[in-house]
Amino acid sequence: MMKNNPETYNEIKVVNNLLRLSNYYAVSQDFLDEAYDFLMKNKNNKLQAGTTSIKFIEGNNPVKEYAAQLTTSTIDGLTLTASLLTVIPHYVPHTYSGGGSWGGGSSNNNNNNNNNNNNNNH
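Bear in mind that the values here come from a model prediction, so they are computed numbers and not experimental data. (Residues numbered from 1 in each chain as written. Predicted model: local features only at pLDDT ≥ 70, side-chain atom pairs only at ≥ 80, totals over all residues. Heavy atoms only, no water.)

Chemist: How should I be thinking about the overall build of the protein chain in this particular structure?
Modeler: Looking only at helices and strands, the protein chain has three helices and seven strands in total. Along the chain direction, N to C, the helices and strands of the protein chain fall in the order α-β-α-β-β-β-β-β-β-α. Relative to its full complement of 122 residues, the protein chain shows a buried share of 25%. Nonlocal contacts in the protein chain, meaning residues at least 24 apart in sequence, comprise 46% of its contacts between residues at least 6 apart. Total accessible area on the protein chain is roughly 8,600 Å²; 46% of this is exposed by carbon and sulfur atoms. (Helix = DSSP H or I, 4+ residues; strand = E, 2+ residues; numbered from the N terminus. Buried < 20%, exposed > 50% of the residue type's maximum accessible area, 1.4 Å probe, protein only. Contact = heavy atoms within 4.5 Å. Areas by Shrake-Rupley, 256 points an atom, 1.4 Å probe, with all protein chains shown as cover.)

Below, the structure written as structure tokens:
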């Protein structure tokens, strides 16, 4: 990847996306070189990265898989093609604790409906 300077817009885009991938995963320069060649070989090739591995995919077929460790807890993975990088943010479900109540039960709604009806009749 870095052996030759990128010359076209597509080459620059792939290099930029791979550098962004390396911000999230601990990968070697050899891996980045191989990933660059793989992505430039066919526009339908892509990389799919999860929490523990990165897969090289041709069409819909995985052809190679590398163990790779995430270096951040802010994402759960990413997908990278020659033209697009899609980051999958880490999802943390929100839990609600304690009591409390939501205001505006059915009696409040009925009162509002009655008031609206009275206003419309005048």
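Chemist: Is there a simple way to think about the side chain of Asn17 in this case?
Modeler: Here Asn17 lies in helix H1 (residues 9–24). Since its relative accessible area comes to 5%, Asn17 is described here as buried. Look past the residues within four positions of Asn17 in its chain and what remains in contact with it is Leu80, Thr81, Ser83, Leu84 and Leu85.

Chemist: Whenever I open this one, the nonpolar core confuses me. Can you help?
Modeler: The nonpolar side chains of a soluble globular protein tend to be buried, and buried together. Among the nonpolar cores identified, the biggest contains 23 residues, and Leu18, Leu21, Tyr25, Leu47, Ile54, Leu78 and Leu80 are the most heavily contacted of them. Among the secondary structure elements, those contributing two or more residues to this core are H1, helix H2 (29–41), strand E2 (46–49), strand E3 (53–58) and strand E6 (75–81). At six residues, H2 tops the list of elements feeding residues into this core. The contacts of Ile54, once residues within four sequence positions are left out, are Leu21, Tyr25, Val27, Phe31, Leu47, Gln48, Ala49, Lys64, Glu65, Tyr66 and Ala68. (Core = buried A, V, L, I, M, F, W, Y, C linked by side-chain atoms within 4.5 Å.)

Chemist: I would appreciate a short explanation of H1 in the present structure.
Modeler: Turn by turn, an α-helix covers 3.6 residues, leaving residues three or four places apart pointing in a common direction. In this model H1 runs 23 Å from its N-terminal to its C-terminal C-alpha over 16 residues, within 8% of the 22 Å that 1.5 Å per residue would give. By the burial criterion, the buried members of H1 are Val14, Val15, Asn17, Leu18, Leu21 and Tyr24. (Expected span 1.5 Å × (residues − 1).)

Chemist: Sorry if this is basic, but what is going on with the sheet that holds strand E7 (residues 85–89) here?
Modeler: Through backbone hydrogen bonds, the strands of a sheet pair up, either in parallel or in antiparallel fashion. What the five strands build is an open sheet, ordered E4-E3-E2-E6-E7; its pairing is antiparallel. Two strands close off the open sheet at either side, each with one partner strand: strand E4 (61–67) and E7. The average angle at which neighbouring strand axes cross in this sheet is 15 degrees, direction not considered. Pairing geometry for E3 and E4, over six bridges, is antiparallel. Of the residues in E4, the one forming a bridge with Lys55 is Glu65. (Pairing = 2+ DSSP bridges. Axes fitted to C-alpha atoms, helices over the stretch in contact; angles between N-to-C directions.)

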